[in-house]
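Each chain, letter by letter, is given below.
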Amino acid sequence: MDKKQVADILSEIGTLLEVKGENPFKCRAYHAGARIVTSLTQDLSVLVTSGEIRNIKGIGDALSEKITELVTTGKLEYYEKLKSSVPPGVLQMLSIGGIGPAKVRVLSTTLKIATLDELEKACKEGKIRSVEGFGKKTEENILAGLSALKTYSARHLISSAEPVAKTMAAFVAKLKGVSRVEIAGSLRRRAETIGDIDILAVAKESEAAAVMQSFTSHPDVERITAHGATKSSVILLSGISCDLRIVNELEFPFALNYFTGSKEHNVRLRSLAREAGYSLNEYGFSKIESQEKRGASKQAFRCKDEEDIYRMLGLAYVPPELREDCGEFEKAQEKKLPQLVTEQDIKGTFHCHTTHSDGAHSLSEMANAARTLGWQYLGIADHSISASYANGMTEQRLKKQQKEIDLLNQNWSNFRILKGVEVDILADGSLDFSDDVLAGCDYVVASVHSSFKMTEQQMTERIVQAISNRNVTMLGHLSGRLLLQRESYPLNQEQVVDAAAKCGTIIEINAHPTRLELNWRMCRYAKEKGVRVAINPDAHTMNGLKDVRFGVGIARKGWLTRQDVLNSMTLKEVQQFLVRRKKERE
DNA sequence: GCCGTTTTCGGCCCGACTGTTTTCAGTCG
């Protein structure tokens, strides 16, 4: 059992104990244990075998025993017992916004509600409001939450779907007779959330049946929903559905294009083909008058890759991220698609947390990870004092951190840690650190972390007020909320971008996949207004640094080029830029 | 359940907000 699996179980134990009304500090100890296990840099099984696990801060006798049992036997009796005492539906209720462990406990004990369906029924019958501590409003909120849950539960964050997809694709690639495998669909388009995983493979016809058989009997498959000669669908243990389609070599480019989508892009592409006298489907081009059916031999002409398909229609190759029918066809016709920012263009980042606030890794660990990624700089922006839940720093602690950064920076000639901070934008638009302290930073990220339920106008004014502060360099993530299940806070994005243009503020694309606040439309508006963008992972861990790639995907949807993105500047350029910007505003 | 220059018990992060009830518990970040 690996770290992630162990951490997931510890965390679930914490949640189960919460629902059962256990001592909150005991619950927290399990959740903390899960975080600690996740952020371990050493091999968990080695720590267990040597007994070192017990010496890690936050892991005491009880947790080390449970971790040991999990790692050595793959099971935990305590967990199994605990889990069987709480119906699964009761845990699901926790995903409804505004419903926490205490409310769930009351509902399951007084009204004996054990499933989401029963909960919905009880709400509709007005039974919830009769329970002490509950009222009409709570009932309405639960119903709204249930409806949001239904909308979003069918979709998965790219961060959780991608590793699953890669595992399955790698498995298929190794099967006999398979010569080529690609992940298609919204995953290839790097959408923030995906509905299902689409895997496309080229296989010998004689081996296709065996490939399908192996695919549907993979150990991660929970249920088979379709099993055919060219297409099979399964539901994986992770709850994500996964399709495998097999085509031949000649069909592959067409199938890849078709299954990558988006639907809107495909419709437009097919209509362009039609104008040219061809019908386009997942198997190839065919002459309209003949209306040939499927079959490689019926292809009007061959295309060796997707580029050929676009070329046939007089278009430049459109990268998957841009396939939304949002202007890419016009640009592709004029051969004026922008040179988009790529992962390789990233020279560093600006919004990372460390153990100085709520990060999981130390300054030097983060810096080393950034160096391994080949970056020239790493911007550290730990939380300020108001973010007390995130161990926000006092002004004194920030100064101490800056001294530590100075010391570390002596180690390198071709790499720099930049001194930033993430200050809170308070409800009145003021910042929670003094101007003196902020002026001492290389740059300042300002973010909203509280009072989310303002009106759109109030929230917009609050943020505009904050970015007018001459010390603010960058506007941090524009929502502290999860992408799934929750609404972003109300905001007039155009007004904020307009204000940023006036103040010279950089807009952060928060690349952490659960906090995708700036959608690509806003990216695009920022570009129109000449507002510079920074792609930031909001990374709390070394692994999180890699999340910058999600931001790259979103940036590409916003048609951003290297020139628009702060992270693509070299260290020297960034330093000059930050100094120049400070002078301009003083 | 974990921790300890306040060390074997007592404290563990906290402020804002909401919905409830009318002073507070629960939720969230």
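Everything that follows concerns the structure shown earlier in this document.
As the structure is a prediction and not an experimental result, all values here were calculated from the model. (Residues numbered from 1 in each chain as written. Chains lettered and ligands numbered in written order. Predicted model: local features only at pLDDT ≥ 70, side-chain atom pairs only at ≥ 80, totals over all residues. Heavy atoms only, no water.)

**A short note on the packing of aromatic side chains**
And step 1. The full count for this structure, using the stated rule, is eight aromatic pairs.
And step 2. Ring plane angle 15 degrees and centroid distance 6.4 Å describe the contact between Tyr-30 and Tyr-78, whose orientation is recorded as stacked. Here the residue Tyr-30 occupies a position in helix 2 (residues 24-38), and Tyr-78 occupies one in helix 5 (residues 77-84), the gap between them amounting to 48 residues.
And step 3. By relative accessible area, Tyr-30 is classed as buried at 4%.
And step 4. Their ring planes at 45 degrees and their centres at 5.5 Å tell us that Phe-350 and Tyr-377 sit as a pair that is tilted. In this pair, Phe-350 sits in strand 10 (residues 348-352) while Tyr-377 sits in strand 11 (residues 377-380), placing the two residues 27 residues apart along the sequence. Comparing Phe-350 with Tyr-377 shows no difference in burial state: the two are buried.
And step 5. The ring of Tyr-78 carries Lys-66 above its face, with NZ or CZ at 4.4 Å from the centroid. (Phe/Tyr/Trp six-rings, centres within 6.5 Å; stacked < 30°, edge-to-face > 60°. Helix = DSSP H or I, 4+ residues; strand = E, 2+ residues; numbered from the N terminus. Buried < 20%, exposed > 50% of the residue type's maximum accessible area, 1.4 Å probe, protein only. Lys NZ or Arg CZ within 6 Å of the ring centre and 35° of its normal.)

**A closer look at the pairing of strand 6 (residues 231-236)**
And step 1. Among the six residues in strand 6, five count as buried, and that is most of the element.
And step 2. Note that strand 5 (residues 221-227) and strand 6 share five bridges and pair antiparallel. If you follow Ala-226 over to strand 6, its bridge partner there is Ser-233.
And step 3. Counting the residues between successive antiparallel strands, the hairpin from strand 5 to strand 6 contains three residues.
And step 4. Across five bridges, strand 6 lies against strand 7 (residues 241-247) in antiparallel orientation. Paired with Ile-235 across the bridge in strand 7 is Ser-241. (Pairing = 2+ DSSP bridges.)

**Considering the nonpolar core**
Within soluble globular proteins, side chains that are nonpolar tend to cluster in buried spots.
And step 1. Ranked by internal contacts, the top residues of the largest apolar core, which has 61 residues, are Leu-378, Ile-417, Val-421, Ile-535 and Leu-545.
And step 2. Formed by 45 residues, the second largest nonpolar core is a distinct cluster that contains Ile-9, Ile-56, Leu-70 and Val-86. (Core = buried A, V, L, I, M, F, W, Y, C linked by side-chain atoms within 4.5 Å.)

**Digging into a negative patch on the surface**
And step 1. Where like charges cluster on the molecular surface, the negative patch consists of Glu-65, Glu-69, Glu-77 and Glu-80.
And step 2. Looking at the negative patch, the elements that each hand over two or more residues are helix 4 (61-73) and helix 5.
And step 3. Inspection of the secondary structure assignment puts Glu-69 in helix 4.
And step 4. Under the relative-accessibility criterion, Glu-69 is labelled partly exposed at 31%. (Patch = residues over 30% accessible without salt bridge, like charges linked within 9 Å, V, L, I, M, F, W, Y side chains within 5 Å. Areas by Shrake-Rupley, 256 points an atom, 1.4 Å probe, with all protein chains shown as cover. Salt bridge = Lys/Arg side-chain N within 4 Å of Asp/Glu carboxyl O. Lys, Arg positive; Asp, Glu negative; His and termini not counted. Charge placed at Lys NZ, Arg CZ, Asp CG, Glu CD.)

**Quick word on helix 4**
And step 1. Over its 13 residues, helix 4 extends 18 Å from the first C-alpha to the last, a length consistent with the 18 Å expected when each residue adds 1.5 Å.
And step 2. For helix 4, every residue scored as buried is listed here: Leu-63, Ser-64, Lys-66, Ile-67, Leu-70 and Val-71. Taken around the axis of helix 4, the buried residues stretch over an arc of 165 degrees, which confines them to a single face. Looking at helix 4, the residues exposed on the side facing more than 90 degrees away from the buried face are Glu-65, Thr-72 and Thr-73.
And step 3. Its buried side turned inward, helix 4 meets helix 1 (3-19), helix 2, helix 3 (44-50) and helix 5. (Expected span 1.5 Å × (residues − 1). Arc of directions from axis to C-beta. Contact = heavy atoms within 4.5 Å.)

**Remarks on the sheet that holds strand 12 (residues 416-419)**
And step 1. Spatially, 10-11-12 is the arrangement adopted by the three strands of the open sheet, whose pairing is parallel. Both outer strands of the open sheet, strand 10 and strand 12, are each paired with one neighbouring strand and no more. Here the average twist between neighbouring strands, direction ignored, is 20 degrees.
And step 2. By the bridge criterion, four bridges tie strand 11 to strand 12 in an arrangement that is parallel. Of the residues in strand 12, the one forming a bridge with Leu-378 is Ile-417.
And step 3. Each of strand 10, strand 11 and strand 12 touches helix 17 (residues 363-372); the most contacted strand, strand 11, lies at about 145 degrees to it.
And step 4. Docked against the sheet, helix 24 (residues 571-585) engages strand 10, strand 11 and strand 12, running at close to 20 degrees with respect to strand 12. (Axes fitted to C-alpha atoms, helices over the stretch in contact; angles between N-to-C directions.)

**Some thoughts on the environment of Phe-433**
And step 1. The topology assignment puts Phe-433 in the loop between strand 13 (422-424) and helix 19 (435-439).
And step 2. On the accessibility criterion, Phe-433 (5% relative accessible area) is buried.
And step 3. Spatially, the C-alpha atoms of Phe-433 and Leu-119 are 45 Å apart, while their sequence positions differ by 314 residues.
And step 4. Discounting chain neighbours no more than four positions away, the residues touching Phe-433 are Ser-384, Ile-385, Met-393, Thr-394, Glu-395, Leu-398, Val-421, Val-423 and Leu-438.

**As for the pattern of salt bridges**
And step 1. What the rule picks out here adds up to 23 salt bridges.
And step 2. The salt bridge involving Glu-182 is made with Arg-180; its shortest N-O contact spans 3.9 Å.
And step 3. On the basis of relative accessibility, which here comes to 29%, the residue Glu-182 falls in the partly exposed class.
And step 4. The residue Arg-556 makes a salt bridge to Glu-321 at a minimum N-O spacing of 3.0 Å. You can see Arg-556 sitting in helix 23 (residues 548-557) and its partner Glu-321 sitting in the loop between helix 15 (306-312) and helix 16 (328-333), a full 235 residues away along the chain.
And step 5. Look at Arg-556 and you get buried, because its relative accessible area is 17%.
And step 6. When salt bridges with common partners are traced through the structure, they connect Lys-121, Glu-125 and Lys-127 into a single cluster.

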